[in-house]
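One-letter residues, chain by chain:
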Amino acid sequence: MENVLGTHGMVWTSEWTHEAWELAFQRAARAGFGLMEVPLIKPSAVDAELFKRLFLEYTMQATGSVCLTSHTDVSSEDLKIVAKGEDFLRSAVDVMHAIGGTLIGGVMYSAVQKYSGPPTRQGWNNSVRSTQALADYSKERGITIAVEIANRFETNLINTSAQAMRYLDEVDRDNVFVHIDTFHQNIEEGRPGAAVRLCGDRVGYVHVGECHRGYLGTGGVDFDDLFLALEDIRYTGPIVFESFSSTVTSPDLSAALGIWRNMWDDCEDVATHASSFIMQKIIAARQRKWVASH
Ligand code: MN
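Since we're looking at a predicted model, the values are computed, not measured.

K.L.:
Quick question: what am I supposed to make of the packing of aromatic side chains here?
P.N.:
Any pair of aromatic rings gets described here by the distance separating the centres and the angle formed by the planes. Counting across every chain of the model gives eleven aromatic pairs. Arranged with centres 6.3 Å apart and planes meeting at 65°, the rings of Phe25 and Phe51 form a pair that is edge-to-face. Here the residue Phe25 occupies a position in helix H1 (residues 18-30), and Phe51 occupies one in helix H2 (residues 48-57), the gap between them amounting to 26 residues. Given the relative accessible area of 0%, Phe25 is considered buried. Summarising the aromatic geometry, the rings of Phe223 and Phe277 are spaced 5.3 Å apart at their centres and angled 80° between planes, so their arrangement reads as edge-to-face. Separated by 54 residues along the polypeptide, Phe223 in helix H8 (residues 223-232) and Phe277 in helix H10 (residues 267-292) bring together distant segments of the chain. Residue Phe223 shares its accessibility class with Phe277, and that shared class is buried. Three or more aromatic residues joined by ring pairs make a cluster, and in this case those are Trp16, Trp21, Phe25, Phe51, Phe55 and Tyr58. Its guanidinium or amino end placed over the ring of Trp124, Arg166 lies 4.4 Å from that ring's centre, counting from NZ or CZ.

Following this line, the structure appears as structure tokens:
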């Protein structure tokens, strides 16, 4: 088993205190996870020394995720806003580097918001240039970038795997990959397998989330299709459980992602369920492949 199982930090907490994260790591390790994704919403709030220690102590892999706002939107036509976004992204890379992390995923190419139209040519180009600069800055620090395909209500730039491929072609950097997320794909591409196969060896990060962002297997996402496709492309990267409930999520992230109701109250229960669900699906996909080839 080469894939490391991870969880998004906001499954556990949205506080930035030592106590909250100590408990988050403890619980995540107990639930069977070997990777913690640090949401770099406000990089300055992250105590790099604390996280460095926690990652070593719990022998977990470190990744981070970002999302931009209208004030830091690198797909803006306003170059002042683009520059602000680039500053923000560099600070996120600096924090990841200080923690000892190796990958940043998420929406680093536009704001996470409902746009009122598709991107302009200039907006797309500004975004591509920004991601090129981010990739170069990250490469010097040993960090990979994974561009998350997100649904139409949260971005207008990369909603499908085909758009992600076009974006990666234009960015043209060897440390930039695709970040797959089943929650978003459920809206835009239906069955996730075809999208995964289209991206192939350019898939660098995977978020596993249900269509309502709650317990895995209780919604409409075709996880059998996803895990079979990940087997087909021989994906060996992280598989990260992402789920949000208003019991944990911070008000600003709740507002950006539309987390208006509780999908769960007990983070340990939802996460323990997720880790065994994911393991079972991986094993089932391998068995199906083995049976098919014999
Ligand atoms: Mn995601």
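Further notes follow.
K.L.:
When you look at the sheet that holds strand S7 (residues 203-208) in this model, what are you seeing that I'm missing?
P.N.:
Sheet strands pair via backbone hydrogen bonds, and the direction of the pair is either parallel or antiparallel. Read around the barrel, eight strands follow the order S1-S2-S3-S4-S5-S6-S7-S8 and close on themselves; strand pairing throughout is parallel. Taking each pair of neighbouring strands and ignoring which way they run, the sheet shows an average axis angle of 30°. Relative to strand S8 (residues 239-241), strand S1 (residues 5-8) runs parallel, the two sharing three bridges. Counterpart to Leu5 in the pairing with S8 is Ile239. Against the sheet, H1 makes contact with S1 and strand S2 (35-39), and its axis sits at roughly 145° relative to S2, the strand it touches most.

K.L.:
Just checking my understanding: could you explain the coordination of the manganese ion for this structure?
P.N.:
Expected angles at a metal are 109.5 degrees for tetrahedral coordination by four donors and either 90 or 180 degrees for octahedral coordination by six donors. Those protein atoms acting as donors to the manganese ion are Glu148 (OE), Asp181 (OD), His207 (ND1) and Glu242 (OE), and they sit at 2.0 to 2.2 Å. Of note, the manganese ion draws all its donor residues from one chain, in the sequence arrangement E-x32-D-x25-H-x34-E. Highlighted residues: Glu148 in strand S5 (residues 144-148) and Asp181 in strand S6 (residues 176-181), separated in sequence by 33 residues. The burial state of Glu148 is the same as that of Asp181; both residues are buried.

K.L.:
Just checking my understanding: could you explain unusual backbone geometry for this structure?
P.N.:
Glycine aside, negative phi is the norm for most residues, and most peptide bonds take the trans geometry. Within the chain, Thr59 stands out as a residue other than glycine whose phi angle is a positive 40°. Following the sequence through the fold, Thr59 ends up in the loop between H2 and strand S3 (61-68). Taking relative accessible area as the criterion, Thr59 reaches 70% and is therefore assigned exposed. The phi dihedral of Arg213 is positive, around 65°, even though this residue is not glycine.

The rules behind the values
Residues numbered from 1 in each chain as written. Predicted model: local features only at pLDDT ≥ 70, side-chain atom pairs only at ≥ 80, totals over all residues. Heavy atoms only, no water. Phe/Tyr/Trp six-rings, centres within 6.5 Å; stacked < 30°, edge-to-face > 60°. Helix = DSSP H or I, 4+ residues; strand = E, 2+ residues; numbered from the N terminus. Buried < 20%, exposed > 50% of the residue type's maximum accessible area, 1.4 Å probe, protein only. Lys NZ or Arg CZ within 6 Å of the ring centre and 35° of its normal. Pairing = 2+ DSSP bridges. Axes fitted to C-alpha atoms, helices over the stretch in contact; angles between N-to-C directions. Contact = heavy atoms within 4.5 Å. Donors = N, O, S within 2.8 Å, 3.2 Å for Na, K, Ca; no water.

Everything listed here is a matter of geometry and, on its own, says nothing about what the molecule does.
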